[in-house]
Amino acid sequence: MPQQETRLSLPMAGHVKGKRSAVTCQLKCGNACAMGVCNQSDNAYFKDIAGVALTRRSMLMGAGAGALALTFAVNDSPLGAAGAAVAAPLPGLRFSAIPPVDAMVDDFVVPSGFQWTPIIRWGDPILPGAPEFDIHNQTPEAQALQFGYNNDYLDILVTRGHRARRGLLVTNHEYTNPAIMFPPAADEEERLQQLRITMAAHGMAVVGLERTRRGRPWTYSRTSEYNRRITAHTPFRLTGPAAGHDLMKTQDDPTGTTVLGTIGNCAGGTTPWGTVLSGEENFNNYFRSPGATVGQMRYGLSNQPSSYGWEAIEPRFDAVANPGFENEPNRFGYIVEIDPHDPTSTPVKHTAMGRMKHEGANVTVAPDGRVVAYMGDDERFDYLYKFVSHKTIHPGKGDKARAHNKTILETGDLYVARFSGDSPAAEITGDGTLPSDGAFDGSGQWIPLTLNGASAVPGFTVEEVLVHTRLAADAMGATKMDRPEDVEPHPTTGKVYVACTNNTQRGTLGKAGVDEVNPRTINRDGHVIEITEARNDATSTSFAWNILLVCGDPAVNGSTYFSGFPTDQVSPISCPDNLAFDGSGNLWISTDGQPNTIGYNDGLFRVGLEGANRGRVDQFLAVPREAETCGPVIWEDERMVYVAVQHPGEDGTFADQHSHFPDYTTKNSTGTFAGPRPSVVQVWKG
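What counts, and where the lines are drawn
Residues numbered from 1 in each chain as written. Predicted model: local features only at pLDDT ≥ 70, side-chain atom pairs only at ≥ 80, totals over all residues. Heavy atoms only, no water. Helix = DSSP H or I, 4+ residues; strand = E, 2+ residues; numbered from the N terminus. Rg over C-alpha atoms; globule rule 2.2 N^0.38 Å. Buried < 20%, exposed > 50% of the residue type's maximum accessible area, 1.4 Å probe, protein only. Areas by Shrake-Rupley, 256 points an atom, 1.4 Å probe, with all protein chains shown as cover. pLDDT = per-residue confidence, 0-100. Contact = heavy atoms within 4.5 Å. Core = buried A, V, L, I, M, F, W, Y, C linked by side-chain atoms within 4.5 Å. Salt bridge = Lys/Arg side-chain N within 4 Å of Asp/Glu carboxyl O. Pairing = 2+ DSSP bridges. Axes fitted to C-alpha atoms, helices over the stretch in contact; angles between N-to-C directions.

### Let's talk about the overall build of the protein chain
Point 1. A count of helices and strands for the protein chain gives nine helices and 30 strands.
Point 2. For a compact globule of 686 residues, the expected C-alpha radius of gyration is about 26 Å, and the protein chain comes in at 24 Å, within 12% of that figure.
Point 3. Over its C-alpha atoms, taken along the principal directions, the protein chain stretches across nearly 70 × 60 × 55 Å.
Point 4. Expressed as a percentage of the 686 residues in the protein chain, the buried residues total 64%.
Point 5. Summed over all atoms, the accessible surface of the protein chain reaches about 22,600 Å², with 53% contributed by carbon and sulfur.

### As for the confidence of the model for the protein chain
Point 1. Looking at the protein chain as a whole, the pLDDT averages 91, with 90% of positions reaching at least 70.
Point 2. Within the protein chain, no element has a lower average pLDDT than helix α2 (residues 56-60), which sits at 26, and none a higher one than strand β12 (residues 348-350), at 99.
Point 3. Below a pLDDT of 50 lies the segment residues 1-6, which in the model reaches 20 contacts outside its immediate sequence neighbourhood of four places, other chains included.
Point 4. Here residues 45-85 scores under 50 on pLDDT; set against residues more than four positions off or in separate chains, the count is 139 contacts.

### Focus: the nonpolar core
Point 1. W310, Y385 and L449 are the most contacted members of the largest nonpolar core, which totals 51 residues.
Point 2. Those elements giving two or more residues to this core turn out to be α1 (22-27), α5 (188-201), β14 (370-376), β15 (384-392), β16 (412-421), α8 (462-467) and α9 (469-475).
Point 3. Looking at which element gives the most residues to this core, the answer is α8, with four residues.
Point 4. Among the nonpolar cores identified, the runner-up in size contains 24 residues, and V388, A417, I529 and F543 belong to it.

### Remarks on unusual backbone geometry
Point 1. In this structure, the amide linkage connecting F661 to the following residue, P662, adopts the cis form with an omega of -5°.
Point 2. Mapped onto the fold, P662 is located in the loop between β29 (640-646) and β30 (679-685).
Point 3. Despite not being glycine, A164 shows a phi value in the positive range, around 60°.
Point 4. In this fold, A164 is placed in the loop between β2 (151-158) and β3 (166-173).
Point 5. By relative accessible area, which is 13% here, A164 ends up buried.

### Notes on the pattern of salt bridges
Point 1. Under the criterion given, the structure shown has 35 salt bridges.
Point 2. The salt bridge partner of E638 is R214, with a shortest N-O separation of 3.3 Å. You can see E638 sitting in the loop between β28 (628-635) and β29 and its partner R214 sitting in the loop between β4 (203-210) and β5 (219-220), a full 424 residues away along the chain.
Point 3. Each member of the salt-bridge network shares a partner with another, and the members are R298, K357, D377, E379, D382, R470 and D474.

### What to know about the sheet that holds strand β13 (residues 362-365)
Point 1. The nine strands are arranged β13-β14-β15-β16-β17-β23-β22-β21-β20 in an open sheet whose pairing can be described as antiparallel. At either end of the open sheet lies a strand with only one pairing partner, and these are β13 and β20 (484-489). Within this sheet the neighbouring strands show an average axis-to-axis angle of 30°, counted without direction.
Point 2. Note that β16 and strand β17 (residues 441-448) share seven bridges and pair antiparallel. Across the sheet, the residue bridging to G421 is G442, located in β17.

### Examining the sheet that holds strand β8 (residues 258-260)
Point 1. On the basis of which strands lie adjacent, the open sheet formed by six strands has the order β8-β7-β12-β11-β10-β9 and mixed pairing. Lying at the two open borders of the sheet, with one neighbouring strand each, are β8 and β9 (265-270). Adjacent strand axes in the sheet meet at a mean angle of 30° when their direction is disregarded.
Point 2. Pairing of strand β7 (residues 235-239) with β12 involves three bridges; the strand directions are parallel. Its bridge partner being in β12, L238 is matched across the sheet by K349.

Structure below.
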């Protein structure tokens, strides 16, 4: 039989305007931009508030026109503009900002004086019996014992004892790209076998690490007792009010309490008690569903073949051909929690935290001991949420305290954000015209969806709120956002930062117009919002907000804003995605989509938050061609930085690979691949 090359139908080919290639549109978000906006509610869009603004300080510095030549820092202090004070060096990691890297370059670029190496790559063996990676001899059984594909969220947890020479790497495996993973299938059975391999390459991984001393690079351990793979077949226990409800029951699980697998896992967070949270994001891509109900359509489910074709090998992914599985999609779209310190533990899905296209969840502890988790629903015109636990955290790291704390996220109150601005409607243009007060800012409220274990939404039961969370938020008039992705509470100030990655449909025909919290028409480059909770209490139901960054390349885009920092002294940045903080309190941003917006490879950027350095952006690293920067971890005291490099060379084919990261070889052999391997990378000074 002729070989069957793994080719993708790409509805977005020739139409990509925002952050991604057409391949990512197909595999990661199911061509959402080609399917119309899921949110058809008539919630207000803040037509009474601003578009794009620069502070009076930036106007006085002459940075508003966006026509100045872009200059990159060549040392730890930015170059001073004429008549402008030179900001002091940012505290923390010392490095020279790198210039932006052209989108065709297939290199991992770091500042002078730093080195990099992968810790672990797709296919590296991590469990007993795992074979060495061999691109021409892949099997589902081998992949389930090897490191998975497209790592996203990342954390490095140093284990107690061992003088910081032992640790655990925890990461998500969000999705796969069969076109560059496999040679053409020789027949139908081989094609189905490739599908089974992709199922094993999804999920999460826990990997033991070793090093010689602090500040030195890690190597991963193939024999660590903590090593674990979680795949599309791993059993998960449902928790919270919706567990066991009729909306959760299927032919294979009549109790509605146990789900096989986690998929589409994007960002996440590590809890104070040492577990890891992960967000199930674009789960709709994996299912064929009738797509006939409002609830199904609101999540992008449809009666079309799925992006991955898993319905050809497992009935649960096709509710059209297989009655009894109509509710299977209802069992995905949650925050999952795993315990990396106990490889025998059963991971859970927390229904109390709502069902959406979760980017992730990041927690903080309120003054009264309750735990608060912030979450973004990553789709155009969807919402920002927070969850407030009913239980309080138990201090200490003993078994009893930890067992209690692992139940904290099972019950609590779920809220959605409604923003208000403070500028007149006449001042909102969406093209960079400033409102008279010179700032994007305002106030907001957290609107309850569940409260004290009951529904706060008229006409919805609590279970319906938690399974059809988007519909409940629509009913309560939440604010439609420009794709809220990572949401991170600052570890010392308590302020909350929201990465709105972009929204190229903002202000287009028939779509929502600009508003003060979503400041641009056709927002290709995204922005970052800063929230201050009332009384600096994360459980508050009101907050103040302002915009920290309106992203883009200020050399060619006059609508950018960097909190008044001179625009000729910043690194261009577009499509903010993941957020992190260093020990000095600086914000770090990883990006996803710069090649298609500003023509540069994605990267990792440090942003000042205080004083004269507020809004200063310095690029630390760039990832290779067609890759996304994910999961940044910054240990400035050790001069170590970690990132997950996702989908390098995503637009290639098996015969025409666009990236050779990180092996950079032209020949396939056991353990190496003449093509891209998503990897976790460590960067260190030395």
